[in-house]
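Residue-level structural notes
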Amino acid sequence: MKNLIPILLSACLVISACSNKKEKKTSEEKIITTTDSIPKTTTKNTITDAYFKAHGVEPFWSLTISDKMIKLKTLHNSDSILTPHTEPIYAQDSNVKMYTLHTELAAVKIEINQMECINAMSGKSFPYSVTINYKKGKDKEFTTLEGCGEYITNYRLHDIWALEELNGTKVSKDDFGKELPYIEINSSKNTFMGTSGCNRITGKLFSERERIRFTNMASTEMLCAKGNEKEQEFTKALASAISYTIANNQLTLLNPDKTLLVFKKVD
């Protein structure tokens, strides 16, 4: 009987260890299953990677253009036409852009014209009219689609930017008398507001990919003891900008000749 007790204890320990190992394994398997079942969330870049979107009715169709892909989808045909991105050709009228795309399965011609376009169903106004001609597979004739579109302003512009450099020269609050100029950009509404150092400024934003224009600028008319010349230099530079870059928390505005303004992101 005394010899039997150690044997029984050993057996219990073995069974307990196996049970714990099995329970641990089951727990791990549950965790893996749970992790795999969680849908992957889209990042901000995924949501905003298309820089141009267009759509039309009768028939319904949609077009998205990103830096990597051009996608055309029609309602009556579940198969989308996907082609690698290519740069457009600008017509003599720079307000017209044309894409000519070819794949083994389809040919697509896209024309984007900067002119007001009214959606036939919603009545909403868009800044661009879009005409698409495409044919798939063995189609002999092109199908024509017409609709409206808009450029999607880079979400990274949506912030408050304080001036650091003006026409290649570092600036400080003392240069403007009252305060350092800044602009606050609303990329969803394509508007901006801020100060030129003494006076308040507001206006509209025009953006096409790396292109940018600050338009319809309005300003208060306060008389400032100091910095009036710098204020005028600042607003002139802002109105002259036609392109931009964003890097290292800095917004740089340029024209073909030089760097006009450098702003720093305000946290």
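Residues numbered from 1 in each chain as written. Predicted model: local features only at pLDDT ≥ 70, side-chain atom pairs only at ≥ 80, totals over all residues. Heavy atoms only, no water.

Counted by the stated rule, this structure contains 6 aromatic pairs. In this structure an aromatic cluster arises from ring pairing among Y51, F52, Y128 and Y151. Over the face of the ring belonging to F142 we find K109, whose NZ or CZ atom lies 5.1 Å from the ring centre. We note R209 situated over the ring of Y51; from NZ or CZ to the ring centre the distance is 4.3 Å. (Phe/Tyr/Trp six-rings, centres within 6.5 Å; stacked < 30°, edge-to-face > 60°. Lys NZ or Arg CZ within 6 Å of the ring centre and 35° of its normal.)

Let us look at helix α3 (residues 228-240). Compared with an ideal rise of 1.5 Å per residue, which puts 13 residues at 18 Å, α3 spans 18 Å between its outermost C-alpha atoms and is within 8% of the ideal. For α3, the set of buried residues is E231, F234, A237 and L238. Down the axis of α3, the smallest arc covering the buried residues is 135°, so these residues share one side. Across α3 from its buried face, at more than 90 degrees, point the exposed residues E229, Q232 and K236. (Helix = DSSP H or I, 4+ residues; strand = E, 2+ residues; numbered from the N terminus. Expected span 1.5 Å × (residues − 1). Buried < 20%, exposed > 50% of the residue type's maximum accessible area, 1.4 Å probe, protein only. Arc of directions from axis to C-beta.)

Glancing now at the environment of K138. In this fold, K138 is placed in the loop between β8 (125-136) and β9 (143-151). Looking at K138, the relative accessible area reads 83%, which means it is exposed.

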